[in-house]
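Chain and residue survey
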Amino acid sequence: AMSAGAIPVLFNAGGLAEIVRPGQDGYLYSSVDELVSITRSIVEMSEDQRKLLREAAISRAQEFSRQRFATELLAHIHDIMSEQNVSL
């Protein structure tokens, strides 16, 4: 959803808390009252503010893309192989 520009409002638990940076690219809540408050604040903010949040969510989602994962994995494998003097 973040990669499509949705502003994430996620329960503050598990891996979700590691992905969303509250106030920068989404929000985390721990209670129903917080969820209501956050939702209200998003509805009441300017379209420009929502646009910035959506753009930040898209950017943050790219940090978890398959392409980035593959690129970083291959770089680590290359480093390990180089340390072992194994050519690719």
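See above for the structure.
Structure report, in brief.

Quick word on the side chain of R60
Mapping R60 onto the fold places it in helix 3 (residues 47-62). With a relative accessible area of 10%, R60 lands in the buried category. Setting aside residues no more than four positions away along its own chain, R60 makes contact with M2, E18, I19, R21 and D25.

Quick look at a nonpolar patch on the surface
A cluster of nonpolar residues, F69, L73, L74 and I77, forms a patch on the protein surface that exposes about 410 Å² of accessible area. Within the fold, F69 resides in helix 4 (residues 66-83). Its relative accessible area of 58% is what places F69 among the exposed residues.

Looking at the pattern of salt bridges
By the definition in use, this model includes eight salt bridges. Residues R50 and E47 are paired through a salt bridge, measuring 2.9 Å at the closest nitrogen-oxygen approach. With a gap of three residues between them, R50 and E47 both fall in helix 3, about one helical turn apart. By relative accessible area, which is 18% here, R50 ends up buried. By relative accessible area, which is 42% here, E47 ends up partly exposed. Between E55 and K51 there is a salt bridge whose closest N-O contact spans 3.9 Å. Within this pair, E55 and its partner K51 are both found in helix 3, separated by four residues, close to a single helical turn. Under the relative-accessibility criterion, K51 is labelled partly exposed at 44%. Here the residues in one salt-bridge network are R21, D25, R60, E63, R68 and E72, joined through shared partners.

A short note on the packing of aromatic side chains
The tally for this structure, following the rule as stated, stands at one aromatic pair. Ring geometry for F11 and Y29: centres 5.6 Å apart, planes at 70°, overall edge-to-face. With F11 in strand 1 (residues 9-11) and Y29 in strand 2 (residues 27-29), this residue pair connects regions lying 18 residues apart in the sequence. With a relative accessible area of 43%, F11 lands in the partly exposed category. The buried category is assigned to Y29, whose relative accessible area is 18%.

Observations concerning the side chain of R50
Looking at R50, its side chain comes within polar contact range of the main-chain oxygen of I42, at 3.0 Å. Within the structure, the side chain of R50 is placed 2.6 Å from the backbone oxygen of M45, a separation counted as a polar contact.

Calculation rules
Residues numbered from 1 in each chain as written. Predicted model: local features only at pLDDT ≥ 70, side-chain atom pairs only at ≥ 80, totals over all residues. Heavy atoms only, no water. Helix = DSSP H or I, 4+ residues; strand = E, 2+ residues; numbered from the N terminus. Buried < 20%, exposed > 50% of the residue type's maximum accessible area, 1.4 Å probe, protein only. Contact = heavy atoms within 4.5 Å. Patch = residues over 30% accessible without salt bridge, like charges linked within 9 Å, V, L, I, M, F, W, Y side chains within 5 Å. Areas by Shrake-Rupley, 256 points an atom, 1.4 Å probe, with all protein chains shown as cover. Salt bridge = Lys/Arg side-chain N within 4 Å of Asp/Glu carboxyl O. Phe/Tyr/Trp six-rings, centres within 6.5 Å; stacked < 30°, edge-to-face > 60°. Polar contact = N/O pair within 3.5 Å; in protein donor to acceptor, adjacent residues only side chain to side chain.

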